[in-house]
Amino acid sequence: MRYSGIGGQAVIEGVMMKGDGKYAVSVRKLDGEIETKVETYKSLKDKNAVFGFPVIRGVVSFVESVVLGMKTLNYSSGFFEEEDEREQKKKQKDDGAKSGDKKTNDKKNDEKKNELLMGLVVMAAVMLAIGLFVLLPFFVSELLSGTIRSVHLRGLIEGVIRVALFVGYVKAISHMEDIHRVFMYHGAEHKCINCIENGEELNVSNAMRQTTVHKRCGTSFMLVVMFVSILFFMFISVSNIWLRMVLRILLIPFIAGISYEFIILAGKYENPVVNVLSKPGLWLQSLTTAEPDSNMIQVAITSVEAVFDWKKFLSEEEQAPETARPAAAAEHAAAKEEAQKKEASQKKEAVTDEVEGFEVVDISAEDEEEDEILQALDRYFEDPGAPDKGQAK
């Protein structure tokens, strides 16, 4: 599997894909048409080299992903407002056409309000996540301090509670119909990326054959964050309970940065150790992804093609020399060649054994004896009463 560098997320009835300094949101509207919005973006990592340093870049990427994710979700939800709300907006638009300046000012005000609202929503979501998955497990584990004196053991229990809460939360929301459809689009996003990175032409039939899981998925990232936090929090042995709580909050960015480095490593390289460590995240993706239908695949393909030239990507892979390809591809080719040689050798040995097993016999005597029998039978049927010439009189 070759690293493509593209990523994305599922939105309401659509898929967002990001790559090559652009992101695209493709949404299947109520009338069945696919509408795609493409915009450029510039990460802080591109503006300042400091933000591109290991671990720091993970924090930056996480924050930017959350902001962009909320923005694209808000955009996709706009296609599915109530009919009367859409009609009201249309009427306001028609009325605003009579005054161009007023329309422009109103649009700017609406954009500012939306940005402010989105910022508040992001802050609320982050605070809720910290309260639910960081502070709640911490206080629950502290309730056991009377019976469990070991700080390390309580840190382990805290981590187990955190993982259980997260898995239970994902499992619970997966039963909601709307969320389930988002998870189906999530599967479509993964299938398209897997199709490209496996070196196949991006179309519906090829994408449908791919798996719905991917090692660079945000679900895997969140689970890695929780496992890394267990290792850190087990060894924070500060005596003051409030200081321990504050340290847990302050360490979240650092833990996220380390987890990001692992996810990038797992996505770029095929390594037995990395593959084993990636398994829990892939298993959890069975809850956050679902098998999509062909229409969802079409939406995901539209989003990919808006930001990524997959044909060029595949042609570069074919033209690249063997030494320039990823190690996994070289190992796969070598293993395939070895298997073909082994199969050819086995066939050759089988043919040789078969030839050596034949017994060479003289068939001329058998043919003469068979001819005499046939001649005798012909004479008998022509004249049953006549004696056989071969018999003694």
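Data block above holds the structure.
Residues numbered from 1 in each chain as written. Predicted model: local features only at pLDDT ≥ 70, side-chain atom pairs only at ≥ 80, totals over all residues. Heavy atoms only, no water.

Visitor: Go over the overall build of the chain, please, and point to the residues and values.
Guide: The helix and strand tally for the chain stands at 15 helices and four strands. Residues classed as buried in the chain amount to 32% of the 393 residues present. Counted over contacts in the chain with a minimum sequence separation of 6, partners at least 24 positions apart contribute 68%. A total accessible area of about 24,600 Å² is found for the chain, and carbon and sulfur atoms account for 59% of it. (Helix = DSSP H or I, 4+ residues; strand = E, 2+ residues; numbered from the N terminus. Buried < 20%, exposed > 50% of the residue type's maximum accessible area, 1.4 Å probe, protein only. Contact = heavy atoms within 4.5 Å. Areas by Shrake-Rupley, 256 points an atom, 1.4 Å probe, with all protein chains shown as cover.)

Visitor: Describe in detail the packing of helix α6 (residues 177–197) against helix α12 (residues 294–307), supporting the description with residues and values.
Guide: Where α6 meets α12, the closest approach of the two axes is 9 Å, and the angle between their N-to-C directions is 55°. Classified by the interaxial angle, the pair formed by α6 and α12 is oblique. Judged by the sense of rotation from one axis to the other, the crossing of α6 with α12 is right-handed. Judged by residue contacts, Arg181, Met184, Tyr185, Ala188, Glu189, Lys191, Cys192 and Ile196 of α6 engage Met296, Ile297, Val299, Ala300, Ile301 and Val304 from α12. Of the residues contributing to the contact of α6 with α12, the split by class is eleven nonpolar, no polar and three charged. (Axes fitted to C-alpha atoms, helices over the stretch in contact; angles between N-to-C directions. Parallel < 35°, antiparallel > 145°, perpendicular 65-115°, else oblique. Left-handed = near helix turned anticlockwise from the far one by under 90°. Nonpolar A, V, L, I, M, F, W, Y, C, P; charged D, E, K, R; others polar.)

Visitor: Kindly report on the nonpolar core, identifying the contributing residues and their values.
Guide: One finds Cys192, Ile196, Leu202, Val304 and Phe308 to be the most contacted residues of the largest nonpolar core, which totals 27 residues. Counting residues per element, the ones that place at least two in this core are β2 (14–19), α6, α12 and α13 (310–319). Among the elements that make up this core, the one with the highest residue count is α6 (eight residues). Ignoring sequence-local partners within four residues, the contact set of Ile196 consists of Ile6, Leu202, Val304, Phe308, Trp310, Phe313 and Leu314. With twelve residues, the next largest nonpolar core counts Val224, Ile255, Tyr260 and Ile264 among its residues. (Core = buried A, V, L, I, M, F, W, Y, C linked by side-chain atoms within 4.5 Å.)

Visitor: Now, about helix α9 (residues 241–250): what can you tell me, with residues and values included?
Guide: Every buried residue of α9 is listed here: Arg244, Met245 and Arg248. Looking straight down α9, one finds its buried side chains confined to an arc of 100°; they lie on one side. Opposite the buried face of α9, by more than 90 degrees, sit the exposed residues Trp242 and Leu250. (Arc of directions from axis to C-beta.)

Visitor: Go over α6 with me, naming the residues and quoting the values.
Guide: A rise of 1.5 Å per residue sets the reference length of α6, with its 21 residues, at 30 Å; its end C-alpha atoms lie 31 Å apart and thus fit the reference within 8%. Most of α6 sits out of view: 16 of its 21 residues are buried. Where α6 terminates, the next one or two residues include Gly199, which has phi positive at roughly 80°. (Expected span 1.5 Å × (residues − 1).)

Visitor: So, the packing of helix α5 (residues 151–173) against helix α8 (residues 218–234): which residues are in play, and what are the values?
Guide: Where α5 contacts α8, the two axes come as close as 8 Å, and the packing angle between them is 165°. The orientation of α5 relative to α8 falls into the category roughly antiparallel. The two elements α5 and α8 cross, and the hand of that crossing is right-handed. Across the interface between the two elements, Val151, His152, Gly155, Leu156, Glu158, Gly159, Val160, Arg162, Val163 and Phe166 from α5 touch Met222, Leu223, Met226, Phe227, Ser229, Ile230, Phe233 and Met234 from α8. The class makeup of the residues in the contact of α5 with α8 is twelve nonpolar, four polar and two charged.

Visitor: Break down the packing of aromatic side chains for me, with residues and values.
Guide: By convention here, two paired aromatic rings are described through the distance between centres and the angle between planes. Counted under the stated rule, the structure contains eight aromatic pairs. When the ring of Tyr75 is compared with that of Phe79, the centres are 5.2 Å apart and the planes differ by 90°; the resulting orientation is edge-to-face. Residue classification places Tyr75 among the partly exposed positions, given a relative accessible area of 22%. Given a relative accessible area of 16%, Phe79 falls into the buried group. Relative to Tyr169, the ring of Phe133 lies with its centre 6.0 Å away and its plane at 75°, an arrangement referred to as edge-to-face. A residue pair is termed long-range when its members are at least 10 positions apart, and Phe133 in helix α4 (residues 100–142) and Tyr169 in helix α5 qualify at 36 residues. Look at Phe133 and you get buried, because its relative accessible area is 12%. Classification of Tyr169 as partly exposed rests on a relative accessible area of 43%. Taken together, the ring pairs connect Phe133, Phe166 and Tyr169 into an aromatic cluster. Residue placement shows Arg2 over the ring face of Phe313; its charged tip is 4.1 Å from the ring centre. Against the face of Tyr75 rests Lys37, its NZ or CZ located 4.6 Å from the ring centre. (Phe/Tyr/Trp six-rings, centres within 6.5 Å; stacked < 30°, edge-to-face > 60°. Lys NZ or Arg CZ within 6 Å of the ring centre and 35° of its normal.)

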